[in-house]
Amino acid sequence: MMNKTIIMTMALTLAALAGQAKVIKTISRPTATVCLNVWQGELRANEVIMTDTATTVRFTIEYQYPVGASFRFVSSSYLADRAGNRYPLRAAEGIKLDDWVNSPADGKTDFTMHFEPLPAEVQIFDFIEGDVEGAFRLIGIHDDGYLPEGITDTYWRDDATGDWLIGFTASHVIYGNRVHEIASRTERKDTYTLTTADGETIRVGRLRKGLRTITIGSAAPAVCSPITTATLPDYPTKDLRVGFRDNGYRQGDSVTLVGWLKDMPEALWKKGSEFEVSLEDIIKDTPENAYAKMDSLGRFSLRFPLLNTSQVFMDWGRTTICTVMEPGETYFLLYDHKTGQQLFMGTDVRVQNELLAHSLSMGDFSFTPDDRGKTTAMAFLERTDSARNSQMAELRERIGQHPNLSQRYMDYLSGYILTLQGEGLMQARFYMPNTDLPQPYMDYVGRELWQKLSRPYTLYGCFSTFMRDYLDQLHHNEAMIMRGDETVDMVRRLEQQGIVTLTADEQQQLDAYEPLMNKLVADLSGNPGREKIDSLVKAFNANEVVQKVSKLMVRIGAPLQDELDAYAFRRHLAHLDSVGCDRPLRDIYLARLAHREFKAIHEPLRPGVMAFVSRELQTPAALASVQAEHDKYLALQRRDITKTESLKSNDNVAEMTEGEQILRKITEPYRGRLVLLDIWGTWCVPCVEALSQSKEEYERLKDYDLVYLYLANRSSDQSWKNVIKEYDLVGDNIVHYNLPDSQQSAIEHFLKVNAFPTYRLIDRDGTLLDVDVDPRYLESLVNLLEKMK
């Protein structure tokens, strides 16, 4: 709150500015269609005083999370009417213009601005914080009784159903999930007749008591009211339906999104002419994107696969719209940048409009780096529980204020809050010593969150992370050591199948190995802590019998590896079964394990593993996803790249052991050119993600005569070649080495590599440059290379 000095200053300034000014209009409770720039904070207009000498607006800017928040209002701010006329800012109190201001502890700042006077006839106007990118814009400031004149740039809802029925622009009409061209339009005494280019006639009746009767083609007339708010007003009746469409995760289902980003500013057009939707592929545990080309007006149509009812992000960065979409539906999205309105049209879009109109503040479910070493796991659990209770209270308050909000809206957000808490609690494990979490903590997650999961499992994108971390933690909390009899049974089963022959000595070693392994398992029971586990395992591995059996396992090779890999999958599934799950979730998780293996090895699954996965998976979409990835790597293996000049052997450095010497030798052929060195590994997910963007990198840097030198760390020959094939990393200026471990380690020691990927730049004379270089940040790399021309 402002202190008395500021209030007195405001009063004196207002008096000085107003003098004997005639008050034309006072809007004591102004409504704004929308506040843009949600990244900075929420801006509200509290009062508007229009006089013949000035227009005064009292504002509040508020941050949900004020710590570290700051804002700035520029002196070039102005008001704008719908004709495009500007009314510049004259003065302000409560803030210092053009300077960044830290938000106070309560997150709220009140201030006043004085502008050139708006004409008396202006009923609706905008506040624009200067012509700068990322500026605040408060669109459509008006009083509660405002009604639009005419029908151009207006949107109307059916008062009986509450749905958005139709919208009008100067040249188009929106209805039936489409934008139609207007072929003809007649107006007589505030009634309108429009004919669309496809021959449909629309009749719009006179405005009476804020309502118009609108008839579309042969449909029954509908009594409609104008939508003057940013989003659709509350529906007139309660909707008690529960649950969302669950198609059983059916392969081949899709959803259609038609839309219009109307009157989009030039700054947003610079982000590209494609509309993007993003959602989580729950089977692959990866984000998936779909794109549609927008026409010159910002219109688009996009049909994309939808495994089941899912949370979808709409062109994030150009909008902040996140909603839920059901398979088989068609949705129309309007984002009118001129009026600031966001609306959904469709046969069943109530929840989508309610989520737009009544979003919840985000709870504090994140364990931050600042919490490390200061906040215990149980203290963090209490903090997230408090945040959850706060959000649930906010949801109940919202429902009390808007009693007609649907049951599905309430259920969706309730489930979202629980899932967000689950994600936050399990992400915290990465900040804990040895990623250990107390058993009461895990019990809470299982009892209060996991057992209350919403279905289908695609409803929330964050569930994918929650599931991964929770089930991985269960896996982590048990010593991943199989019993001795299980290991021995695997080997003897292979012998019975004629796959391996055992000597008498090997038989004796297996007999002795079994009790040793069983004792280790018993010692590790009860999760004795990472330090104790490491000590026990080290002593076990030093035993002579264990070492001999280890050599036997190496001799058996791939057949035993298949058994061991399948065993790891079975253990994961056992953990899943122990916490309760239905068949779809079991199949989703097993398919995710398979995709995780693909990412780790960049090869087809081993025959035994693929056979196990194929037997277990009963959900067709999950099996098809795994099979497609398996087939992809089989095809990559068959592709021959042995003749390419990009793959190099270590023949010319075979006798060298010093890292600097090896590096100078393999870069010697490229003197006179810049060499961009990439230290990576097929096992390194960020490394491979970076390589997947290499084509863009090559194209952007093609004018700088670079040589790309890739050195692979501890990567099998097949997986190394598969990654190169997968992303087509070959060419005249592309060089790959997969050196023996000792030589690769020597180079990394010389370069002081402590993270992967690591990048270095070598000058034209072979000098290793002391510069920060990372091709994942292309703009910075381009700037550096420009200076070196």
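These numbers were taken from a predicted model, which means no experiment stands behind them. (Residues numbered from 1 in each chain as written. Predicted model: local features only at pLDDT ≥ 70, side-chain atom pairs only at ≥ 80, totals over all residues. Heavy atoms only, no water.)

**Focus on the overall build of the chain**
Piece 1. Looking only at helices and strands, one finds 21 helices and 32 strands in the chain.
Piece 2. Overall, the chain is about 105 × 65 × 60 Å in size when its C-alpha atoms are taken along their principal axes.
Piece 3. Counting across all 789 residues of the chain, residues that qualify as buried make up 50%.
Piece 4. Sequence separation of at least 24 residues holds for 68% of the intrachain contacts in the chain that already meet a minimum separation of 6.
Piece 5. Averaging the coordinates of the 89 positive side-chain charges in the chain and doing the same for the 112 negative ones gives two points 3 Å apart. (Helix = DSSP H or I, 4+ residues; strand = E, 2+ residues; numbered from the N terminus. Buried < 20%, exposed > 50% of the residue type's maximum accessible area, 1.4 Å probe, protein only. Contact = heavy atoms within 4.5 Å. Lys, Arg positive; Asp, Glu negative; His and termini not counted. Charge placed at Lys NZ, Arg CZ, Asp CG, Glu CD.)

**Comments concerning unusual backbone geometry**
Piece 1. For the bond running from Arg455 to Pro456, omega is 0°, close enough to zero to count as cis.
Piece 2. Cis geometry is found at the peptide bond from Phe756 to Pro757, where omega equals -5°.
Piece 3. Located in the positive-phi region is Lys209, a residue other than glycine, with phi close to 55°.
Piece 4. Its place among the elements puts Lys209 in the loop between strand 17 (201-204) and strand 18 (212-216).
Piece 5. Unusually for a residue other than glycine, Lys752 sits at a positive phi of about 60°.
Piece 6. Relative to the helices and strands, Lys752 resides in the loop between helix 20 (741-751) and strand 32 (758-762).

**Some details on a positive patch on the surface**
Piece 1. Taken together, Arg188, Lys189, Arg206 and Arg208 make up a surface patch of like positive charges.
Piece 2. Secondary-structure assignment places Arg208 in the loop between strand 17 and strand 18. (Patch = residues over 30% accessible without salt bridge, like charges linked within 9 Å, V, L, I, M, F, W, Y side chains within 5 Å. Areas by Shrake-Rupley, 256 points an atom, 1.4 Å probe, with all protein chains shown as cover. Salt bridge = Lys/Arg side-chain N within 4 Å of Asp/Glu carboxyl O.)

**Examining the sheet that holds strand 32**
Adjacent strands of a sheet form backbone hydrogen bonds with each other and so pair up, either parallel or antiparallel.
Piece 1. Within the open sheet, the 5 strands sit side by side as 28-31-30-29-32. Their pairing is mixed. On the outer flanks of this sheet lie strand 28 (647-648) and strand 32, each paired with one strand and no other.
Piece 2. As paired strands, strand 28 and strand 31 (residues 734-737) are joined by 2 bridges and run parallel to one another. If you follow Lys648 over to strand 31, its bridge partner there is Tyr737. (Pairing = 2+ DSSP bridges.)

**Let's talk about the pattern of salt bridges**
Piece 1. Per the counting criterion, the structure on display carries 55 salt bridges.
Piece 2. Its salt-bridge partner being Lys262, residue Asp153 comes within 3.2 Å of it at the nearest N-O pair. Of this pair, Asp153 sits in the loop between strand 11 (137-141) and strand 12 (154-158) while Lys262 is found in strand 20 (residues 254-262), placing the two residues 109 residues apart along the sequence.
Piece 3. Using a relative accessible area of 21% as the deciding quantity, one classes Asp153 as partly exposed.
Piece 4. Overall, Lys262 belongs to the buried group, its relative accessible area being 4%.
Piece 5. Members of the salt-bridge network, linked through shared partners, are Asp285, Arg429, Arg468, Asp469, Asp472, Arg592 and Arg596.

**Here we look at the sheet that holds strand 17**
Piece 1. Pairing is antiparallel around the closed barrel formed by 8 strands, whose spatial order is 12-13-14-15-16-17-18-19. Taking each pair of neighbouring strands and ignoring which way they run, the sheet shows an average axis angle of 30°.
Piece 2. Sheet topology note: the strand 16 (residues 191-196)/strand 17 ladder contains 4 bridges and is antiparallel. Note that in strand 17 the partner of Leu194 across the bridge is Ile202. (Axes fitted to C-alpha atoms, helices over the stretch in contact; angles between N-to-C directions.)

**What about the confidence of the model for the chain?**
Atom-level detail of predicted coordinates should not be read off regions where pLDDT is low.
Piece 1. With 94% of its residues at a pLDDT of 70 or more, the chain shows a mean pLDDT of 90.
Piece 2. Every residue in residues 1-18 is under pLDDT 50, and counting partners more than four places away or in other chains gives 18 contacts. (pLDDT = per-residue confidence, 0-100.)

**Quick notes on the packing of helix 9 (residues 504-524) against helix 10 (residues 530-542)**
Piece 1. Put simply, helix 9 and helix 10 touch, their axes get as near as 10 Å, and they point 175° apart. When the axes of helix 9 and helix 10 are compared, the pair comes out roughly antiparallel. For the pair helix 9 and helix 10, contact is made by Tyr513, Leu516, Met517, Leu520, Asp523 and Leu524 and by Ile533, Leu536, Val537 and Phe540, respectively.
Piece 2. In terms of residue class, the contact of helix 9 with helix 10 is made up of 9 nonpolar, no polar and 1 charged. (Parallel < 35°, antiparallel > 145°, perpendicular 65-115°, else oblique. Nonpolar A, V, L, I, M, F, W, Y, C, P; charged D, E, K, R; others polar.)

**Let's talk about the packing of helix 5 (residues 407-427) against helix 6 (residues 439-449)**
Piece 1. It is the contact of helix 5 with helix 6, at a shortest axis distance of 11 Å, that shows an interaxial angle of 160°. As the angle between them shows, helix 5 and helix 6 are arranged roughly antiparallel. Of the two possible hands of crossing, helix 5 and helix 6 adopt the one that is left-handed. Facing Leu418, Gln421, Gly422, Leu425 and Met426 of helix 5, the residues of helix 6 in contact are Tyr441, Met442, Tyr444, Val445, Glu448 and Leu449.
Piece 2. When the residues that make up the contact of helix 5 with helix 6 are grouped by side-chain class, the tally is 8 nonpolar, 2 polar and 1 charged. (Left-handed = near helix turned anticlockwise from the far one by under 90°.)

**Considering helix 11 (residues 544-556)**
Piece 1. Taking 1.5 Å per residue, 13 residues should reach 18 Å; helix 11 reaches 19 Å between its end C-alpha atoms and fits that length.
Piece 2. The positive-phi residue at the C-terminal boundary of helix 11 is Gly557, with phi of around 70°. (Expected span 1.5 Å × (residues − 1).)

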